[in-house]
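Coordinates in review
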Amino acid sequence: KMRERAWRLLVTHYQSLHPGEVPTGNYPSSVDLLEFQQLCDEETEDEPVIIADLNRTFPSHPYFTHQHGQKTLHNVLHAYAVSDKDVGYCQGLSFVAGIILMHSPDQLEAFVLLNHLMY
């Protein structure tokens, strides 16, 4: 819980120091649930690679052995791949997103944090 709060505080502090700056992609530094869902619904050519990497990401961690954890990880990676056309999805990104989700299991917040890390 402490890391989640610290990350949230750092993101909020960064936003206050750099108002109007947009992280990677064309989306603002925070998105609402509807915008996130729209990203999840868009098609991406990276989908087969994202799906292939889901089972390889922390395969023994309890959060990712359940369908909910895998779906949450998928949604964060898919939304990121759609929002950042330059990077899309690349191997290893699932581990970065996975660590964020271990400490902040809300997929929308994890997406925003991933966006900031990749900016």
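Each chain has its residues counted from 1, following the order in which its sequence is written. In keeping with the predicted nature of the model, local features appear solely for residues at pLDDT of at least 70, side-chain atom pairs appear and are counted solely at 80 or more, and the whole-chain, interface and lining totals rest on all residues. Side-chain metrics in this entry use all non-hydrogen atoms of the structure; hydrogen atoms and water are not considered.

Looking now at the layout of surface pockets. A pocket, in this scheme, is an open set of points on a 1 Å grid over the protein atoms alone with protein on both sides within 12 Å along at least 5 of 7 lines, while a cavity is a set where a 1.4 Å probe fits but cannot get out; residues line either one if an atom lies within 4 Å of a point. Grid points are joined across faces, edges and corners, and a volume is the space filled by probe spheres set on the points. Estimates place the volume of the largest pocket at around 190 Å³. Trp-7, Leu-10, Val-11, Tyr-14, Val-96, Ile-99, Ile-100, Leu-113, His-116, Leu-117 and Tyr-119 are the residues that line the largest pocket. At the level of elements, helix 1 (2–17), helix 6 (93–103) and helix 7 (107–118) are the ones that each hand at least two residues to the lining of the largest pocket. Strands are runs of DSSP state E lasting at least two residues, helices are runs of H or I lasting at least four, and both sets are numbered from the N terminus onward. Top element by residues in the lining of the largest pocket is helix 1. It accounts for four residues. In the scheme used here, Gly and all other residues not listed as nonpolar or charged are polar, with Ala, Val, Leu, Ile, Met, Phe, Trp, Tyr, Cys and Pro taken as nonpolar and Asp, Glu, Lys and Arg as charged. Of the residues in the lining of the largest pocket, the class split is 10 nonpolar, one polar and no charged.

Time to look at the pattern of salt bridges. For salt bridges, the criterion is a side-chain nitrogen of Lys or Arg within 4 Å of an Asp or Glu carboxyl oxygen. Applying the stated criterion across every chain, the model contains one salt bridge. Its salt-bridge partner being Arg-56, residue Asp-53 comes within 2.7 Å of it at the nearest N-O pair.

With that settled, the discussion passes to the nonpolar core. The nonpolar core is taken to be a set of buried Ala, Val, Leu, Ile, Met, Phe, Trp, Tyr and Cys residues, with the residues joined through side-chain atoms within 4.5 Å. Three exposure classes are used, based on accessible area relative to the maximum for each residue type with a 1.4 Å probe and protein chains only: buried under 20%, partly exposed in between, and exposed over 50%. Among the nonpolar cores identified, the biggest contains 27 residues, and Phe-36, Leu-73, Leu-77, Leu-101, Phe-111 and Leu-114 are the most heavily contacted of them. Contributions of two or more residues to this core are made by helix 2 (33–41), helix 3 (47–54), helix 4 (62–65), helix 5 (67–83), helix 6 and helix 7. Ranked by residue count, the leading element in this core is helix 5, at seven residues. When checking whether two residues touch, look at their non-hydrogen atoms; a contact exists if any pair is within 4.5 Å. Once residues within four sequence positions are removed from consideration, Leu-114 is found in contact with Val-76, Tyr-80, Leu-93, Val-96, Ala-97 and Ile-100.

This brings us to the environment of Ile-50. With respect to the element layout, Ile-50 can be found in helix 3. Look at Ile-50 and you get buried, because its relative accessible area is 0%. Once the C-alpha coordinates of Ile-50 and Leu-93 are considered, the two residues, 43 residues apart in sequence, prove to be 9.4 Å apart. If sequence neighbours within four positions are ignored, Ile-50 has contacts with His-74, Leu-77, His-78, Ala-81 and Tyr-89.

Attention now moves to helix 3. Among the residues making up helix 3, those that are buried are Glu-47, Ile-50, Asp-53 and Leu-54. What you see down the axis of helix 3 is that its buried residues fit within an arc of 135°, all on one side. The elements touched by buried residues of helix 3 are helix 5 and helix 6. The directions considered for the arc run from the helix axis to the C-beta atoms.

On to the confidence of the model for the protein chain, then. Each residue carries a pLDDT value, the predictor's own confidence for that position, ranging from 0 to 100. The pLDDT averaged across the protein chain works out to 86; a share of 89% of its residues lies at or above 70. Every residue in residues 24–28 scores below 50 in pLDDT, and together they form 15 contacts with partners more than four places removed in sequence or on other chains.

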